[in-house]
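# Coordinates in review
One letter stands for each residue in the lines below.
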Amino acid sequence: MIDRRGFGKALGVGTGAAALSVAGLQSASAAQTLPMAVPTAVPAAAPTAASGGRTGFPRLKQIRAGLLDVGYAELGPAHGPAVICLHGWPYDIHSYVDVAPLLAEQGYRVIVPYLRGHGTTRFLSDRTFRNAQQSAIALDVIALMDALKIEKAVLAGFDWGSRTADIVAALWPERCKALVSVSGYLITNREAQLSPIAPQAEHTWWYQYYFATERGRQAMETPKLRHDLTRFVWDTVSPTWDFDDATFERTAAAFENPDYAAVVIHNYRWRLSLADGEPRYDGLEKRLAARPYIDVPTITLDPERDPFTAPGNGSTYRDRFTGKYEHRTLTGIGHNLPQEAPTAFAQAVVDVDHF
């Protein structure tokens, strides 16, 4: 999930002046009335989608990219402008099961990959360290783009996906046409992570500290405990999302990846400096620790009912974005924003592509 330094409870946060008309959004379904701004040559009335409207993707694909054999969904025309949608924890590609068809119908080539350790994505070598430090995951996206011959794409994500997209936009802006980042600027500064934060915020990060223990590691390696833990996170961070058991189970299948526990545990321990990364990424991490600016066109989205949403309606990270920029707060929406409010998320992708 998001960087604990950016944590804050924000109920009743308003929408910024430049935002799309979502100030009255109280549920995912309410977001579906928004007209989409579409490319020239495409009809102005774009489709909308209700959360839970679809249950899966067409046949998934696999491609060797860098250290991985990446599993991914692909929708839309092969030569359309590329959009790469990145999921977080504890989620998978189904966070975009309604977003991806909306964008594909607008002529976009939509790529939705499983992150390392999730779903059908596998490490090519048993000898590769199951590393989940932020720069390694960002390089997975660059390798995937290279393998798919995508020179530049709109990157859109939430949770781990926001952080990964932020890093690509900051370090390799030539590969990022534009950015949609839920919860704003999530690049991790490990030194800052060492300092305590407010007790309420520490409480919300309970699983991060749990994963720092041997008990937490064993829980992630035990199927029943892993299932119940991740379901509990879903319930608590999306308090207004009325999803059914089948929706969760479709995503939970991705957690059966043999490297899932190792990747998740390393990610959270690495953030707290309780686990080492790899020396080959030291140069990148040094640059990221300096909190680099993001110059590409960006829309940031804050889900108002997400307990990790920072107060201030995006003000806590506004200075990190130096290009064309807009902030939107979605009232009544929780952590899994793309799946809870798919049309609003797709709208942001199309809008930022036309900044």
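This section reports on the structure supplied with the text. (Residues numbered from 1 in each chain as written. Predicted model: local features only at pLDDT ≥ 70, side-chain atom pairs only at ≥ 80, totals over all residues. Heavy atoms only, no water.)

Under the defined criterion, the tally for this structure stands at 16 salt bridges. Arg175 is the partner of Asp146 in a salt bridge, and the nearest nitrogen-oxygen pair spans 2.9 Å. Of this pair, Asp146 sits in helix α2 (residues 134-147) while Arg175 sits in the loop between α3 (160-171) and β7 (176-182), and the two are 29 residues apart along the sequence. Under the relative-accessibility criterion, Asp146 is labelled partly exposed at 45%. The exposure class assigned to Arg175 is buried, which follows from its relative accessible area of 10%. For Arg280, the salt bridge goes to Glu278, with nearest N and O atoms at 3.4 Å. Accessibility expressed as a relative area gives 51% for Arg280, which makes it exposed. What you see here is one network of salt bridges that share partners, running through Lys61, Glu74 and Arg109. (Salt bridge = Lys/Arg side-chain N within 4 Å of Asp/Glu carboxyl O. Helix = DSSP H or I, 4+ residues; strand = E, 2+ residues; numbered from the N terminus. Buried < 20%, exposed > 50% of the residue type's maximum accessible area, 1.4 Å probe, protein only.)

Packing of α2 against helix α11 (residues 282-289) brings their axes to within 9 Å, and their N-to-C directions diverge by 105°. Relative to α11, α2 is oriented roughly perpendicular. For the pair formed by α2 and α11, the contact residues are Gln134, Ser135 and Leu139 on the first element and Leu284, Glu285 and Leu288 on the second. Grouping the constituent residues of the contact of α2 with α11 by class yields 3 nonpolar, 2 polar and 1 charged. (Axes fitted to C-alpha atoms, helices over the stretch in contact; angles between N-to-C directions. Parallel < 35°, antiparallel > 145°, perpendicular 65-115°, else oblique. Contact = heavy atoms within 4.5 Å. Nonpolar A, V, L, I, M, F, W, Y, C, P; charged D, E, K, R; others polar.)

Attention now moves to the pairing of strand β6 (residues 153-157). Judged by how many residues are buried, β6 sits mostly within the fold: 5 of 5 residues are covered. Residues Ala153, Leu155 and Gly157 line one face of β6 and the alternating positions Val154 and Ala156 line the opposite face, and both faces are buried. Pairing of strand β3 (residues 82-86) with β6 involves 4 bridges; the strand directions are parallel. Each bridged residue has a counterpart across the sheet, and for Leu86 the counterpart in β6 is Gly157. Two elements, β6 and β7, share 5 bridges in a ladder whose sense is parallel. (Pairing = 2+ DSSP bridges.)

Coordinates in, geometry out; function isn't part of it.
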